[in-house]
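Coordinate analysis (summary)
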Amino acid sequence: MSAEDRQNLHAFRDYVVKTVDPTYILSYMAPWFKDDEVQHIQAEKNNKGTTEAASLFLKFLLELQEEGWFRGFLDALGHAGYSGLYEAIETWDFRKIESLEEYRLLLKRLQPEFKTTVNPKDILPEISGCLISQECEEIIQVCSNKGLMAGAEKMAECLLRSDKENWPKTLKLALEIEESQFSQLWIVDKDAKNVELKVLEDDEIETSDIQIFYKEEPECPNLSQNPSPPSASPTFTQLKPRNYQLELALPAKEGKNTIICAPTGCGKTFVSLLICEHHLKKFPQGQKGKVVFFAIQLPVYEQQKSVFSKYFEKLGYKVAGVSGATSEIVSVEEIVENNDIIILTPQILVNSLRKGTVPSLSVFTLMIFDECHNTGKHHPYNMIMFNYLDQKLGGSSDPLPQVIGLTASVGTGDAKNTTEAMEYICKLCASLDTSVIATVKDNLEELEEIVYKPQKFFRKVKLRTTDRFKCIISQLMRETESLAKKIFDELGTVTLENVFQIQNRNFGTQKYEQWILSVQKTCILFQLPDKEEESRICKALYLYTSHLRKYNDALIINEHARMKDALDYLKDFFANVRAAGFDEIEQNLTWRFEEKLRELESVSMDPGNENPKLQDLSFILQEEYHLNPESRTILFVKTRALVDALKKWIEENSELSFLKPGILTGRGKTNQNTGMTLPAQKCALDAFRTDGDNKILIATSVADEGIDIAQCNLVILYEYVGNVIRMIQTRGRGRARGSKCFLLTSNADVIEKEKINIYKEKMMNDSILRLQTWNEAVFKEKKHGTRLGNVKKHKHAHTRTHRHTCTTYMHPHTFSRPFAETFILGSLPLSRCVTSCTLRLLSLLNHPSPHS
C-alpha cells in the first residue's frame, strides 16, 4: 500500500460510497476491522441507509495503518462480486463506472414508475448477473415478506449501486423479454432516445390513438387442413396444398414481388412454406438461395421458427433464428452466413444493418414480411425497406432479394372512397416494392368452405343512470392532478406546465392512459441546474401519474364490470404502496383514498349499482348456450384488469359459473397484473380446445389474431373495436359453421365505427379487385407516379422545415411527410442528404429498373 494509493482512494471515495454496501464485504475484512466498528457500520445502515454506512466504512478504512489492508480491501471487493469497482481501483480508471451515471439518474427519476409497473420476480433471472448474489436473495425475501412493489423498490436500489457496465442494457433486454410497460420509458440506446424525443416533439404530446402493430400467429400445425388430434396430424412434408393456396403462391413462385392478402385461418403460413421451397430449389448447381422470414412478436417468432424447422430440416435445409431475447448471446453474422432460412424479429436486422454485421440486404435472395400491413411510420419493416430502396435507387449493381408480404388485410388508412383506398394500397405496395396483390379469385368456393364468416350482431347496452363510484374517484384524480400541477406553479416554470393543458383527457379512458405516458416521457427531458430539485420534481411527478394510472384503470373496470372489482383493484394497489417505501407523497395520496374508502365500500355493495352492461352480457350468454350447449366462446375485452374482473364475475354468477372461464392475456407485466408466459398462453389455449368444461375464453387483443380454434362459434366484442384490420382479424376467430359475432357497447359511436369498418372492408376488397384488373406495367407506372408526386410534396415540406431539420432524410415511400417524422439521423447506415436522394429518385423514376 503506497501513500499514493491511499490518496487515490480518498480522491475517488464518492464512487466507492455510491457503489458498495459495506455489510456485504465486512466478513472478508475481519482481520482489519474491530467488532465495535463492524457493529457501528451495521447500525448506520439500519438507521440511516446504505450510503451513510458506506461513508462510515470508508472513513474507518482510510484510517487503517496495518500492512496489507489495501490488498485485503480489493480481495474483499472481488469475493463479494464488485468486479467493476475492483477493476476501476486496480487501474485507477473509473470511466466505465462514470459512464453509468446518466442511467443512475434516469432510474432515480423513474423509480416511482419502476416500482408500480415492474414485476421483480420475472426479470430477476435475466439481471441477476448485474447484482451481488446477496442482493438477489434480499429482493426475493422482500417480495415474499412485503409484496412485489416493495421488491421492485429494493431491486431499483440495488441497480442504482451496480458497478456492472452492462446493467442498463441487460435491464432493457429483460424488460423487453417480459414485455414490461416500463420498457417504453427505459431508453438506453442513444439513437432510440433521440427517436422518442423527436416523436414527442412532432406530436406535441397529442392524445390521438396510439399506433398498434398487429400480430398474426401461425395457423395450427396442420396448416392446410382442419385441425385434428396431434397423434393424427400428418408431417409437414405430407401436406397437400389446396387449390386456393396454390393460387395465392403462384405470382411469388414466378419471382414477382407480391403481397398475399387472404383471410385468417386459410393457411398463409403454409403458402409461405410452398414459396420458400420453390425458391430454394430453383437455384442451379453451385448456387444457393437464402431466405429471411420476419415475425414481429416473440411468440410468433418462436412458433414460426418451429414450423419452418420441422418442414425444411427434413428436406436438408438449415434453419435458425435470432430475436431480441437471443441477440446478446448469438452472432447474427454467423447465423445469417451458415443457414438457408433465417427467422428474425425485424429490429434485429435493422440493428445489424446499422452496425454493419449484415453488410447489405443482398445477402438474402427472398424476404418474407409477416403482417406486412405494418410497413409504415416508425415500424422496423419500414426501416428495412428504406434500406432496400436506398440500395435499389442508389444504382447498386448488387442483386436485391425478392419481397413477399403476408396479411389478412392491407387496410385502407383514412380513405373515404375507393379511389383514395386504391391510393393507400398503392403506397403500401410501393413501400414493399411489390407489383402484385395475390388474393383468391378462381378458387373462392373452396376457400369459403374452409374459412367461415360469422354473422355480425350489434347490441347497444345501457349505462348506470348514476355512478357515485365514478364521481368519487374522479374527484380524487382531480385532486391528484392539482397536486402535480402545484409543483410547477411553485417552481415558476412553464417547462412542463403545458402537459396539463391537454384538452379532452377524460377520466376512465385509454386516451387518458396515453396522456399519462406522454407526461412521463416528457419528464425524461426535464432539466434544471439544481439536480436535486430536478430529481425531486420528477420523482413527485412519477408518483402522481402512477396513482392516476391506477385510478384510471379502476374507472375502466367500474364502467365495464362490477364496482366491487374496481374497488378491490385499488385496495390491492394501496396495500402494496404501504408495504413499499411509503414516502410523504404516497402517505398523502393513501390518506386521501382511505378517507373515501368507507363511502366507496358502501356504494360498491349497493345492489342498485349493478352494472346493466353485465345484465345484457349475461342474457346473451344464457340465450346462446340454451340454443347450443356445446358452444365455445371468446370474449374480447380491452384490458388485463378487465379480464380478471369478468372472470370473477362469471365464476361468482350462479347462472354462468358452468362456463368455467379461462383467460388469455399478453405477456406484458405490471405489478398488479402479471402477464402470461408463452407456455401459460399455450396451456390456456389447449385447455379451451380440448376441455369440454372450459366453455369460454376471456381475452385481450393478444387473441384477436393468430389463434386457431376451429370449435369457436361465438365471439363477443365487449366494448372492443378497432380499425378495419383488427375487425377482420377478430371476426376470423369464429371458425365453426354457424358462428356468430356480437358487438356489445354503450356507445352509439362505437357501433357506427364498426359499421364504417365493414364498409371499409368492402371498399378495400373492391379496391384490390380494381387494382388487379390493371396489367403490371400500368400498376408499376401508378406506383412510380405516386412516388413522384410525393417527392414534390416532400421538396415543398423540406423547404419549409429546412432551417430546423437541415439533415432531414426522406423515405421515398413514406409519401407526403418529411422523413424526420419517421426516422432520426443516424438510425440507419446512410449519410446522403435529401437533395441528392430526391434527385436520384427523380432520375430513376423516369428510367425505372426492370425489377422494380
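What counts and how
- Residues numbered from 1 in each chain as written.
- Predicted model: local features only at pLDDT ≥ 70, side-chain atom pairs only at ≥ 80, totals over all residues.
- Heavy atoms only, no water.
- Helix = DSSP H or I, 4+ residues; strand = E, 2+ residues; numbered from the N terminus.
- Buried < 20%, exposed > 50% of the residue type's maximum accessible area, 1.4 Å probe, protein only.
- Pairing = 2+ DSSP bridges.
- Axes fitted to C-alpha atoms, helices over the stretch in contact; angles between N-to-C directions.
- Contact = heavy atoms within 4.5 Å.
- Phe/Tyr/Trp six-rings, centres within 6.5 Å; stacked < 30°, edge-to-face > 60°.
- Right-handed = clockwise from strand over helix to strand, strands pointing away.
- Salt bridge = Lys/Arg side-chain N within 4 Å of Asp/Glu carboxyl O.
- Parallel < 35°, antiparallel > 145°, perpendicular 65-115°, else oblique.
- Left-handed = near helix turned anticlockwise from the far one by under 90°.
- Nonpolar A, V, L, I, M, F, W, Y, C, P; charged D, E, K, R; others polar.
- Polar contact = N/O pair within 3.5 Å; in protein donor to acceptor, adjacent residues only side chain to side chain.
- pLDDT = per-residue confidence, 0-100.
- Core = buried A, V, L, I, M, F, W, Y, C linked by side-chain atoms within 4.5 Å.
- Expected span 1.5 Å × (residues − 1).
- Disulfide = S-S within 2.5 Å.

Moving on, we get to the overall build of the chain. Looking only at helices and strands, the chain has 33 helices and 13 strands in total. Across the 852 residues in the chain, those meeting the buried criterion constitute 57%.

On to the sheet that holds strand 2 (residues 291–294). Taken together, the 7 strands give an open sheet; going across it, the order is 3-4-2-5-6-1-7, and neighbouring strands pair in parallel fashion. The open sheet has two edge strands, strand 3 (319–322) and strand 7 (436–438), and neither has a second partner. Between one strand axis and the next, the sheet turns by 20° as a mean value, whatever way the strands run. Summarising the sheet, strand 5 (residues 366–370) and strand 6 (residues 402–407) pair through 5 bridges and their orientation is parallel. Counterpart to Phe-369 in the pairing with strand 6 is Gly-405.

The subject of this paragraph is the environment of Ile-516. Take Ile-516: it is sitting in helix 23 (residues 510–525). Beyond its immediate stretch of four places on either side in the chain, Ile-516 contacts Thr-545, Leu-548 and Arg-549.

Before going further, it helps to examine the packing of aromatic side chains. For the structure on display, the rule yields 27 aromatic pairs. Judged by centre distance (5.7 Å) and plane angle (25°), the rings of Trp-167 and Trp-186 are stacked. You can see Trp-167 sitting in helix 12 (residues 167–177) and its partner Trp-186 sitting in the loop between helix 12 and helix 13 (190–203), a full 19 residues away along the chain. For the pair Trp-167 and Trp-186, one class covers both residues: buried.

Let us look at the pairing of strand 3. Burial along strand 3 is two-sided: the face carrying Val-319 and Gly-321 and the face carrying Ala-320 and Val-322 are both buried. Here strand 3 pairs with strand 4 (residues 341–344) via 4 bridges, running parallel. Across the sheet, Ala-320 pairs through a bridge with Ile-342, a residue of strand 4. In this view, the connection linking strand 3 to its parallel neighbour strand 4 by way of helix 17 (residues 332–338) has right-handed handedness.

Under the defined criterion, the tally for this structure stands at 33 salt bridges. Taking the shortest distance from any N to any O, the salt bridge between Asp-340 and Lys-288 comes out at 3.0 Å. Of this pair, Asp-340 sits in the loop between helix 17 and strand 4 while Lys-288 sits in the loop between helix 15 (268–281) and strand 2, and the two are 52 residues apart along the sequence. Judged by its relative accessible area of 6%, Asp-340 is buried. Here Lys-740 and Glu-624 are joined by a salt bridge, their closest N and O atoms 3.2 Å apart. Of the two residues, Lys-740 is situated in strand 13 (residues 740–745) and Glu-624 in helix 27 (residues 612–627); the sequence distance between them amounts to 116 residues. Like Glu-624, Lys-740 is buried. Each of Lys-18, Glu-101 and Arg-104 takes part in one network of salt bridges that share partners.

The interhelical angle for the contact between helix 9 (residues 120–127) and helix 12, taken along N-to-C directions, is 130°, at an axis separation of 9 Å. When the axes of helix 9 and helix 12 are compared, the pair comes out oblique. Helix 12 is crossed by helix 9, and the crossing has right-handed handedness. Across from Ile-123, Glu-126 and Ile-127 in helix 9, the residues of helix 12 making contact are Thr-170, Leu-171, Ala-174 and Ile-177. For the contact of helix 9 with helix 12, the class distribution of residues is 5 nonpolar, 1 polar and 1 charged.

Our focus in this paragraph is unusual backbone geometry. Positive phi outside glycine occurs at Asp-433, with the angle close to 55°. Relative to the helices and strands, Asp-433 is located in the loop between helix 20 (418–431) and strand 7.

Here we take up the packing of helix 8 (residues 101–117) against helix 23. Their axes nearest at 10 Å, the elements helix 8 and helix 23 cross at an angle of 160°. With respect to helix 23, the axis of helix 8 lies roughly antiparallel. For the pair helix 8 and helix 23, the crossing hand works out as right-handed. Seen from helix 8, the contacting residues are Leu-106, Arg-109, Leu-110 and Glu-113; seen from helix 23, they are Gln-520, Cys-523, Ile-524 and Leu-525. In the contact of helix 8 with helix 23, the residues fall into 5 nonpolar, 1 polar and 2 charged.

In this section: the sheet that holds strand 13. Pairing between the strands of a sheet comes from backbone hydrogen bonds, and it takes one of two forms, parallel or antiparallel. In space, the 6 strands of this open sheet follow the order 8-13-12-9-11-10, with parallel pairing throughout. Of all strands in the sheet, those bounded by a partner on one side alone are strand 8 (455–460) and strand 10 (662–664). Ignoring strand direction, the axes of neighbouring strands in this sheet form an average angle of 20°. Bridge analysis of strand 9 (residues 633–636) against strand 12 (residues 714–718) gives 4 bridges, and the strand direction is parallel. Within strand 12, the residue paired with Phe-636 across the bridge is Leu-717. Together, strand 8, strand 12 and strand 13 form the strand contacts of helix 31 (residues 748–773), whose direction differs from that of strand 8 by roughly 160°.

Locating Asp-163 in the fold gives a position in the loop between helix 11 (148–160) and helix 12. Side-chain polar atoms of Asp-163 contact the backbone nitrogen of Gly-84, separated by 3.0 Å. At 2.7 Å, the side chain of Asp-163 forms a polar contact with the side chain of Lys-164. In this structure, Asp-163 is in contact with Thr-19, Tyr-82, Ser-83, Gly-84, Leu-85, Ile-97 and Leu-100, ignoring residues within four places of it in sequence.

A few words on the confidence of the model for the chain. Averaged over all residues, the pLDDT of the chain is 79; the fraction at 70 or higher stands at 78%. Per-residue pLDDT stays below 50 along residues 190–235; that stretch engages in 110 contacts with residues further than four places along the chain or on separate chains. A low-confidence stretch, residues 787–852 (pLDDT under 50), is modelled with 115 contacts involving residues beyond four sequence positions or located in other chains.

Counting residues in each nonpolar core, the largest one holds 101 residues, and the members touching the most others are Phe-114, Trp-186 and Leu-646. Take this core: its biggest share by element is 11 residues, from helix 24 (residues 531–560). Ignoring anything within four residues of it in the chain, the contact list for Leu-646 reads His-560, Ala-561, Leu-614, Leu-635, Val-637, Ile-698 and Tyr-718. If you look at the next biggest cluster of nonpolar residues, it comprises 41 residues, including Ile-348, Met-383, Ile-384 and Phe-779.

The next point concerns helix 31. The end-to-end C-alpha distance of helix 31, which contains 26 residues, comes to 38 Å, matching closely the 38 Å that a straight helix rising 1.5 Å per residue would cover. Regarding helix 31, its N-cap is Asn-747, as a side-chain oxygen of that residue lies 2.8 Å from the backbone nitrogen of Asp-749 further along.

With that settled, consider the pairing of strand 9. With burial as the criterion, each face of strand 9 is covered, one bearing Thr-633 and Leu-635 and the other bearing Ile-634 and Phe-636. In terms of strand pairing, strand 9 meets strand 11 (residues 696–699) through 4 bridges, oriented parallel. If you follow Phe-636 over to strand 11, its bridge partner there is Ala-699.

If you walk through the whole model with that rule in mind, you get 0 disulfides. Sulfur of Cys-372: no disulfide; nearest cysteine sulfur belongs to Cys-261 and is 8.0 Å away. Here Cys-426 is not disulfide-linked; the sulfur of Cys-429 is the nearest cysteine sulfur, at 6.1 Å.

Another point: the environment of Gln-7. Along the chain, Gln-7 falls in helix 1 (residues 3–11). Note on Gln-7: relative accessible area 58%, which makes it exposed. For Gln-7 and Leu-62, which are 55 residues apart along the polypeptide, the C-alpha to C-alpha distance reads 9.2 Å.

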